[in-house]
Amino acid sequence: MIVQSSRFRFLFPPIQKRIPSSLSFSVASSAMDSASPSMLFLCGKSSPESEIAKSLKINDTLNLPNGGKVSALLQSEINTFRFGEDAFNVDLFLNSLSTKRLGRFLIWSPLLPSTHDIVSHNFCELPVGTVCVADTQFKGRGRSKNAWESPRGCLMFSFTLQMEDGKTVPLVQYVVSLAVTEAIKDVCDRNGFPFINVRIKWPNDLYLNGLKVGGILCTSTYKSKKFNVSSGIGFNVGNEKPTTCLNTVLKELSTTPNEFRREDIMAAFFNKFEMLYDIFINQGFQTLEELYYRTWLHSGQRVIVREKNEDRVVENVVTIQGLTSSGYLLAIGDNNQMCELHPDGNRYLFLLLSLLKLPYDALEKFPDRKVTLTHCRTQLYFMGGI
């Protein structure tokens, strides 16, 4: 059967209230964006990483896009400056890190246009697994070039991966999202904090009590038969604007003056992510799906699909079942019609599979996706913002 192409709009029920489409914080970016070089402190957990730091400084290797300048310094030089008590504590992070590969080479900056630009623009000069973290970021970006301007109190960091299988690259953002939620659980357990239930909104947002508190951005380039992946995370730890933050919720739940520290969360993230990433690469994302579904917002969620056919609007309701093998949303209609939802920036590509009256597992019979599809441009409204 060939399904005629048409235009759809499908609506997710409200999460809590409408918020901006990007987690954007108001800062005086024009005042921050000066011609002075950004200070980058190059730090290592062990001697090999420290030697890399010295080499990068001597060779003056690192820079920003569009000719932006940086000033590379070593970890030993941090104490020659006065950054304040709320500056990122490099030693605390590195001492809490237990990874074998990831996060061991650290770039910290008190003020930076974008951590993502540092790791992606200098990817080939840095060891794989490098992380860049900034206290304040004023030219960050979210999905679809959305602004992500973040003052102090937010955890903003980006790190590098290298992957060989292009089919797995789109799925890595789900592993990153899962590792963030697992890291927060781990910090709560180790410190005796009340349980903080951070949830994943597909494909790459993080929610707390129905409000957006963070997001994930993964980009990649293909070079020398490998995918160079840069993953960025932004999370509200201690800045409650424009929505809420971890420490605000913790204060509401705790009778003692406890607080999350950015260093603890970032170290816990890499400790969790390295383990989850190894499972993902060696066994596939299917091994992590059960844990992922326990953490995301969408299991059993009902979505209204509105089909515009000339002057008539036909509404259908589909129920989200999970993810397809490619990592897209899989939904099923009341008439057993299967739907696959694809992200395309802030819009989504809705693929209507001609699998009417076939069982749920019928997708397994079409691993190469050579089935009749209808390509329909749509707008997907998660009422909590995209």
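The structure presented is a predicted model; accordingly, all values stated were derived computationally and were not measured.

1. Things to note about the overall build of the chain
In terms of regular secondary structure, the chain is built from eight helices and 17 strands. Here the chain holds 386 residues, and 53% of them are scored as buried. Long-range pairs, those at least 24 residues apart, make up 69% of the contacts in the chain between residues at least 6 apart in sequence. For the chain, the accessible surface area stands at approximately 18,000 Å², while carbon and sulfur atoms represent 48% of it.

2. Description of the pairing of strand β10 (residues 211–223)
Look at any regular strand and the pattern is simple: side chains alternate between the two faces of the sheet. Where strand β9 (residues 205–208) and β10 come together, four bridges link them in antiparallel fashion. Of the residues in β10, the one forming a bridge with L206 is G214. Inspection of the sheet shows β10 paired to strand β11 (residues 226–236) by ten bridges, in the antiparallel sense. Counted as the bridge partner of G215 is G234 from β11. In textbook terms, the turn of a hairpin is the stretch between consecutive antiparallel strands, and for β10 and β11 this stretch comprises two residues, one of which, S224, has a positive phi near 55°.

3. Quick word on helix α2 (residues 47–59)
Spanning 13 residues, α2 covers 18 Å between terminal C-alpha atoms, matching the ideal 18 Å at 1.5 Å per step. Positive phi shows up at D60, right after α2, with a value of about 50°.

4. Here we look at the packing of aromatic side chains
The geometry of an aromatic ring pair is captured by two quantities: the separation of the ring centres and the angle between the planes. If you walk through the whole model with that rule in mind, you get 25 aromatic pairs. Between the aromatic rings of F93 and F270, the centroid separation amounts to 6.4 Å while the plane-to-plane angle is 70°, which identifies the pairing as edge-to-face. With a gap of 177 residues between them, F93 in helix α3 (residues 90–96) and F270 in helix α7 (residues 262–283) connect regions that are remote in the sequence. As far as the burial class goes, F93 and F270 line up, both buried. Relative to Y292, the ring of F285 has its centre 5.6 Å away and its plane inclined at 70°; by these criteria the two rings are edge-to-face.

5. Regarding the nonpolar core
Judged by nonpolar contacts, the single largest core of 74 residues is most densely connected at F260, F269 and F273. Sorting elements by how many residues they give to this core places helix α5 (residues 172–191) first, with eleven residues. Counting 17 residues, the second largest nonpolar core, distinct from the first, contains L56, L74, V119 and A134.

6. Describing the confidence of the model for the chain
Summary statistics for the chain give a mean pLDDT of 80 and a share of 75% for residues scoring 70 or more. Throughout residues 1–11 the model reports pLDDT below 50, and contacts reaching past four residues in sequence, or to other chains, amount to 47 contacts. Between residues 344–386, whose pLDDT stays under 50, and residues either more than four places distant or in other chains, the model counts 137 contacts.

7. As for the packing of α5 against α7
As a packed pair, α5 and α7 sit with axes 7 Å apart at the nearest point and diverge in direction by 130°. By the angle between their directions, the pair α5 and α7 is classed as oblique. Taken as a pair, α5 and α7 cross one another with a handedness that is right-handed. Contacts between α5 and α7 involve V172, V175, V176, L178, A179, V180, E182, A183, D186, V187 and R190 from the former and D264, I265, A268, F269, K272, F273, L276, Y277 and F280 from the latter. Split by residue class, the contact of α5 with α7 holds 15 nonpolar, no polar and five charged.

8. Things to note about α5
Between its terminal C-alpha atoms α5 stretches 29 Å, which fits the 28 Å expected from 20 residues at 1.5 Å a residue. Where burial is concerned, most of α5 is hidden: 15 out of the 20 residues are buried. At the C-terminal side of α5, G192 shows a positive phi close to 70°.

9. Overview of empty space enclosed by the protein
Here the structure, examined in full by the defined rule, presents three cavities of 30 Å³ or more. Contributing to the lining of the second largest cavity are L155, F157, V180, I184, I233, F235, I265, M266 and F269. Residue assignment for the lining of the second largest cavity shows that the elements contributing at least two residues are β7 (154–163), α5, β11 and α7. Among the elements that line the lining of the second largest cavity, the one with the most residues is α7, at three residues.

10. Looking at the pattern of salt bridges
Enumeration over the complete set of coordinates arrives at twelve salt bridges. D135 is paired through a salt bridge with R262; the nearest N and O atoms lie 3.0 Å apart. Separated by 127 residues along the polypeptide, D135 in strand β5 (residues 131–141) and R262 in helix α7 bring together distant segments of the chain. Its relative accessible area of 0% is what places D135 among the buried residues. The salt bridge involving D334 is made with R302; its shortest N-O contact spans 3.2 Å. Of this pair, D334 sits in the loop between β14 (329–333) and β15 (338–344) while R302 sits in strand β12 (residues 302–309), and the two are 32 residues apart along the sequence. A relative accessible area of 60% means that D334 is categorised as exposed. Overall, R302 belongs to the partly exposed group, its relative accessible area being 38%. What emerges from the salt-bridge pattern is a single network uniting K201, D205 and K212.

Conventions we followed
Residues numbered from 1 in each chain as written. Predicted model: local features only at pLDDT ≥ 70, side-chain atom pairs only at ≥ 80, totals over all residues. Heavy atoms only, no water. Helix = DSSP H or I, 4+ residues; strand = E, 2+ residues; numbered from the N terminus. Buried < 20%, exposed > 50% of the residue type's maximum accessible area, 1.4 Å probe, protein only. Contact = heavy atoms within 4.5 Å. Areas by Shrake-Rupley, 256 points an atom, 1.4 Å probe, with all protein chains shown as cover. Pairing = 2+ DSSP bridges. Expected span 1.5 Å × (residues − 1). Phe/Tyr/Trp six-rings, centres within 6.5 Å; stacked < 30°, edge-to-face > 60°. Core = buried A, V, L, I, M, F, W, Y, C linked by side-chain atoms within 4.5 Å. pLDDT = per-residue confidence, 0-100. Axes fitted to C-alpha atoms, helices over the stretch in contact; angles between N-to-C directions. Parallel < 35°, antiparallel > 145°, perpendicular 65-115°, else oblique. Left-handed = near helix turned anticlockwise from the far one by under 90°. Nonpolar A, V, L, I, M, F, W, Y, C, P; charged D, E, K, R; others polar. 1 Å grid on protein atoms, 1.4 Å probe; cavity = no way out; pocket = protein on both sides within 12 Å on 5 of 7 lines; lining within 4 Å. Points joined across faces, edges and corners; volume = space filled by probe spheres on them. Salt bridge = Lys/Arg side-chain N within 4 Å of Asp/Glu carboxyl O.

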